[in-house]
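# Working through the structure, step by step
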Amino acid sequence: MAQLGGGGSQSAWGYQTVSSPNFDGGDFQIERAAGIAAGVGPDVPSSCLEWLENIGIDIRGIQQHPNAKTPRAWQILEQDGRRHEIWRTAQSPQLSSLLLPPFASLPPAFQRARAFHVGIHPEHPPIQLLKDLRHALDKHRSRNGTGLLSIETFTKASTKIQPDGDLWAAIELCDIFSPNEEEARSILGLSKLNRDTIDAEILKLTSPFIDAGARWCSLRRGAGGVVVHEKSSTNVWSIPVVADTNVVDTTGCGNAFCGAFLAGIQSRSGAEVAGMLATAAASVMAEHQGVPQGLNMGKHALLLGFC
């Protein structure tokens, strides 16, 4: 209970692991590279804020609302990998505004950020927020390596998203789009792919998003690794999971991957290397109950160094 979550914190952790890669005895020399924007209530556990600050996250974007309750949810994991999320905070417009603060409410330094990462519901993407983020990036930065907008979906669609759906407008605004395999299939209305021929069919799950405007599509496949599809080169890389990962808790692994992948792309390491870095970060997250305490990558630092 009271484990820090919500996606943004794990994404920020993943970003930090790659954007501050200066080791000292196995530990990172922390640079305050990432910030997090969200709304909380007076009941937010101080341990959560301390954890963010300890790994160098700028928390000026965390806005406390005196009459709100901090968003909370239970995560129930089945042995077959299925996840059930049970919200302990009532669904309401206020909850939505806490999870996705409007651009105008962000601190000035956040508004000038070189990159943004946003988690979205595929059926209800925050189009105005994404437009504001895209406008800010294009105003202050070139899209050549900086000025990156990354989007991940955090749940599957209940039905196929039609061509005139807001999700496709959202993808057109972004640089990186990262669904997991189940989410991609639900968005596209595709049945489960044949595992015997999945390598030949995997483009069915990435090409539509590239065609919609994303520069990179990173398809998260859990134990199946990740597929990274790059628009400019038309290359597609299949990256396996890190061998011998001692899986304890998979909560937040996809979020950590997305944050690390964004940092890898931003560093101009190349999409394949960015995928490897992000996979390493996700494997570290999997080996911890809740969130890792600090940025020590342990044995996975070898993979980061190799990349």
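Predicted model, so just to flag it, every value in this text is computed and none were measured.

### So, the sheet that holds strand E10 (residues 216-220)
Sheet architecture is open: 6 strands sit in the order E7-E8-E9-E10-E11-E12, paired in mixed fashion. Every interior strand has two partners, whereas the edge strands, strand E7 (115-120) and strand E12 (236-239), have only one. Shown here is a sheet whose adjacent strand axes are inclined to one another by a mean of 15°, direction ignored. Here E10 pairs with strand E11 (residues 226-230) via 5 bridges, running antiparallel. When the sheet's bridge partners are listed, Trp 216 is paired in E11 with Glu 230. Lying on the sheet, helix H5 (residues 127-140) is in contact with E7 and strand E8 (148-153); it crosses E8 at an angle near 155°. Together, E10, E11 and E12 form the strand contacts of helix H11 (residues 271-286), whose direction differs from that of E12 by roughly 20°.

### Structural notes on unusual backbone geometry
Backbone geometry places Thr 234, a non-glycine residue, at a positive phi of 65°. Checked against the element boundaries, Thr 234 lands in the loop between E11 and E12. On the accessibility criterion, Thr 234 (60% relative accessible area) is exposed. One non-glycine residue with positive phi stands out, namely Asp 244, at about 65°. Its location among the elements puts Asp 244 in the loop between E12 and helix H10 (253-266). Take Asp 244: its relative accessible area is 69%, and that puts it in the exposed class.

### Things to note about the nonpolar core
One finds Trp 13, Ile 57, Trp 216, Val 228, Phe 257, Phe 261 and Ile 265 to be the most contacted residues of the largest nonpolar core, which totals 40 residues. For this core, the secondary-structure elements that each account for two or more residues are helix H1 (8-19), helix H2 (46-54), E11, E12, H10 and H11. Residues in contact with Trp 216, not counting those within four places in the same chain, are Leu 148, Asp 175, Ile 176, Phe 177, Ile 210, His 229, Glu 230, Phe 261, Ile 265 and Ala 271. The next biggest cluster of nonpolar side chains, apart from the first, holds 36 residues, and it includes Ala 157, Ile 161, Leu 205 and Ile 210.

About the criteria used
- Residues numbered from 1 in each chain as written.
- Predicted model: local features only at pLDDT ≥ 70, side-chain atom pairs only at ≥ 80, totals over all residues.
- Heavy atoms only, no water.
- Pairing = 2+ DSSP bridges.
- Helix = DSSP H or I, 4+ residues; strand = E, 2+ residues; numbered from the N terminus.
- Axes fitted to C-alpha atoms, helices over the stretch in contact; angles between N-to-C directions.
- Contact = heavy atoms within 4.5 Å.
- Buried < 20%, exposed > 50% of the residue type's maximum accessible area, 1.4 Å probe, protein only.
- Core = buried A, V, L, I, M, F, W, Y, C linked by side-chain atoms within 4.5 Å.

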